[in-house]
Amino acid sequence: GGSASYTGDGFSGLYLWGAQLEAGSFATSYIPTTSAAVTRNADAASMTGTNFSSWFNNGEGTIYAETTGYASGGSPKGIVSIGNYYSTANTMDVYYAASLTSVQLEMITNSVVQATIVASGQKTKVAAAYKFNDTNLGSDGSVGTTDTSCTIPVCTEIGFGTIYNGNPSYYANGRIKKIAYYPVRVTNAQLQALTA
């Protein structure tokens, strides 16, 4: 009943299993423990090898994400990173600025920044579309200015909730509700419709 404590009646009981107390504002993955506290690794998933290369189109594509509960502060907060493990040489990263005042798409090929597209405001629906000399970012029903001078990096894996494929300094602090991938560069009108 909203009370912080309850005086028992001396014989009734209550069984709890799998209870989890969180210091943050949302639940994290379950950490089974017995008698000592345990620190877990960050919740970060990635896909490599043929699990990734069998469906990924390096020439063009669109990645869509819905996020919620991201907390501001610290460093940028990753949404998705397509590239090569723990490398800034060849990567396509979609992330929130540390302050959550913008969402960004950064594309780097052979250590040269090819495109940086910024959408102001905290966005919950984001779609990044890439193709040679035709890259853009849509967020919450608006579309950025298409970058018409970018080359696409060669990518070997995808990471979720991070940027630079696994750099622990840029892990997400929130939830990714949905990820979708299209093996084509959707139109700007479709970017707008996807994120509206």
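The rules behind the values
- Residues numbered from 1 in each chain as written.
- Predicted model: local features only at pLDDT ≥ 70, side-chain atom pairs only at ≥ 80, totals over all residues.
- Heavy atoms only, no water.
- Helix = DSSP H or I, 4+ residues; strand = E, 2+ residues; numbered from the N terminus.
- Contact = heavy atoms within 4.5 Å.
- Areas by Shrake-Rupley, 256 points an atom, 1.4 Å probe, with all protein chains shown as cover.
- Lys, Arg positive; Asp, Glu negative; His and termini not counted.
- Charge placed at Lys NZ, Arg CZ, Asp CG, Glu CD.
- Buried < 20%, exposed > 50% of the residue type's maximum accessible area, 1.4 Å probe, protein only.
- Polar contact = N/O pair within 3.5 Å; in protein donor to acceptor, adjacent residues only side chain to side chain.
- Pairing = 2+ DSSP bridges.
- Axes fitted to C-alpha atoms, helices over the stretch in contact; angles between N-to-C directions.
- Core = buried A, V, L, I, M, F, W, Y, C linked by side-chain atoms within 4.5 Å.

*Asks:* Explain the overall build of the chain to me, please; I cannot follow it from the model alone.
*Replies:* Helix and strand content of the chain: 2 helices and 11 strands. Over its C-alpha atoms, taken along the principal directions, the chain stretches across nearly 75 × 35 × 30 Å. Contacts spanning at least 24 positions in sequence make up 61% of the contacts within the chain whose residues lie at least 6 apart. Accessible area of the chain: about 10700 Å², with a carbon and sulfur share of 53%. For the chain, the centre of its 9 positive side-chain charges and the centre of its 11 negative side-chain charges are spaced 5 Å apart.

*Asks:* Quick question: what am I supposed to make of the side chain of Thr67 here?
*Replies:* Within the secondary structure, Thr67 is located in strand E2 (residues 60-68). According to the relative accessible area criterion, Thr67 is buried, its value standing at 4%. Here Tyr96 takes part through its side chain, which lies 2.5 Å from a polar atom of the side chain of Thr67. Setting aside residues up to four positions removed in sequence, Thr67 forms contacts with Ile79, Tyr96, Lys123, Thr124, Arg175, Ile176 and Lys177.

*Asks:* Before we go on, may I ask you to explain the sheet that holds strand E8 (residues 136-139) in this structure?
*Replies:* Strand pairing in a sheet relies on backbone hydrogen bonds. The paired strands run either parallel or antiparallel. As summarised here, the arrangement of the 5 strands in space is E9-E8-E7-E2-E11, forming an open sheet in which the pairing is antiparallel. The two strands at the open ends of the sheet, each matched to only one other strand, are strand E9 (142-143) and strand E11 (175-182). As judged from the 7 bridges shared by E2 and strand E7 (residues 125-131), these two strands associate in the antiparallel manner. When the bridges of E7 are listed, Tyr64 appears paired with Ala127. Across the sheet, helix H2 (residues 188-195) is in contact with E2, E7, E8, E9 and E11; its angle to E7 comes to roughly 160°.

*Asks:* For this particular structure, what's the right way to read the nonpolar core?
*Replies:* Side chains of nonpolar character tend, in soluble globular proteins, to be buried together. In terms of nonpolar packing, the biggest core is built from 27 residues, with Phe56, Met92, Val94, Val103 and Leu137 touching the most fellow members. Those elements that place two or more of their residues in this core are E2, strand E3 (77-83), strand E4 (91-96), strand E5 (102-109), strand E6 (112-120) and E7. Among all residues touching Phe56, those that are not within four sequence positions of it are Ile82, Met92, Tyr130, Cys155 and Tyr181.

*Asks:* Sorry, what's going on with the side chain of Thr195 here?
*Replies:* As for its placement among the helices and strands, Thr195 is situated in helix H2. With residues near it in sequence (within four places) discarded, Thr195 still touches Tyr64, Lys125, Val126, Ala127, Gly138, Ser139, Asp140, Gly141 and Ser142.

*Asks:* What is the right way to look at the sheet that holds E5 in this model?
*Replies:* With antiparallel pairing, 6 strands are arranged side by side in an open sheet as E1-E10-E3-E4-E5-E6. The sheet terminates laterally at strand E1 (45-48) and E6, the two strands that pair on one side only. In this sheet, neighbouring strand axes are inclined to one another by 10° on average, regardless of whether the strands run parallel or antiparallel. For E3 and E4, the ladder comprises 6 bridges, and the chain directions are antiparallel. In the strand pairing of E4, Ile82 is matched with Met92.

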